[in-house]
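# Structural characterization, general
This is what each chain is made of:
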Amino acid sequence: MRRLAKDLGTDYIFLFGGSADYGTSVSWIQILDLSIVGGFIIPSNTIKAEGRAVGALIDVQTGKVLFMVNAEARKKGYAPTYTAADTQEEVVVKLRDELVDDITRNLIERLNDLE
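What comes next is a walk through the structure.

Next up on the list: the packing of aromatic side chains. Each aromatic ring pair is specified by the distance between its two centres and by the angle formed by the two planes. A complete count under the given rule lists one aromatic pair for this structure. On the numbers, 5.8 Å between centres and 25° between planes, the contact of Phe-14 with Phe-16 is stacked. A relative accessible area of 23% places Phe-14 in the partly exposed class.

Here it is as C-alpha cells:
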C-alpha cells in the first residue's frame, strides 16, 4: 500500500480496519412463537453487536506511523423470530456505520490538532 501511495504521489496514507461480534439470544417470550401470530409480531429475540476499529496515519516516505485513532460501538435490537435474521443484519450495518463515522471524526480531530 505504501509503494502504491508513493507511486501515486501521496504524502500520507490512512489504513484502518476493525471487527464486529454479534449474536442473537431469545427470551422466555419465544414460547409464544408456537402460534403463527407470535412468531411474526412478538419481539422475542434480542440482537446484540459490538465492534472496534483502529486506524493509523502513515508517512509514505518514511513509513512512520504519525498517530493512531480508534473507535468502539455497541448496538442492540429486538425482533420477532420471523424477522430476526434481517434485524440482525440491520443492527450490524448500523454498528459498522457508527464505527466508520466515529473513526472518521477521530481522524479529523487529530488532524485539526496538528495545525
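As a further point, take the environment of Gly-9. Within the secondary structure layout, Gly-9 lies in the loop between α1 (2-7) and β1 (12-26). A relative accessible area of 57% means that Gly-9 is categorised as exposed. Separated by 51 residues in sequence, Gly-9 and Val-60 have C-alpha atoms that sit 9.2 Å apart.

Turning next to the nonpolar core. Counting 14 residues, the largest nonpolar core has Phe-67, Leu-95, Leu-99 and Ile-103 as the members making the most contacts within it. Counting only elements with at least two residues in this core, the list comes to β2 (45-59), β3 (65-79) and α3 (84-114). Phe-67 has contacts with Gly-55, Ala-56, Leu-57, Leu-107, Arg-110, Leu-111 and Leu-114, leaving out every residue within four places of it along the chain. Listed in part, the five residues of the second largest apolar core include Ala-5, Ala-56, Ile-58 and Val-60.

Attention now moves to the pairing of β2. Extensive coverage of β2 is indicated by the burial of eleven of its 15 residues. When β2 meets β3, the two strands line up antiparallel, connected through 14 bridges. Note that in β3 the partner of Gly-55 across the bridge is Val-69.

Here we take up the side chain of Thr-87. With respect to the element layout, Thr-87 can be found in helix α3. Thr-87 sits in the buried class, given a relative accessible area of 13%. Those residues in contact with Thr-87, other than ones at most four positions away along the chain, are Ile-47, Tyr-78 and Ala-79.

Reading guide: rules and limits
- Residues numbered from 1 in each chain as written.
- Predicted model: local features only at pLDDT ≥ 70, side-chain atom pairs only at ≥ 80, totals over all residues.
- Heavy atoms only, no water.
- Phe/Tyr/Trp six-rings, centres within 6.5 Å; stacked < 30°, edge-to-face > 60°.
- Buried < 20%, exposed > 50% of the residue type's maximum accessible area, 1.4 Å probe, protein only.
- Helix = DSSP H or I, 4+ residues; strand = E, 2+ residues; numbered from the N terminus.
- Core = buried A, V, L, I, M, F, W, Y, C linked by side-chain atoms within 4.5 Å.
- Contact = heavy atoms within 4.5 Å.
- Pairing = 2+ DSSP bridges.

These results come straight from atomic positions and should not be treated as a statement about function.
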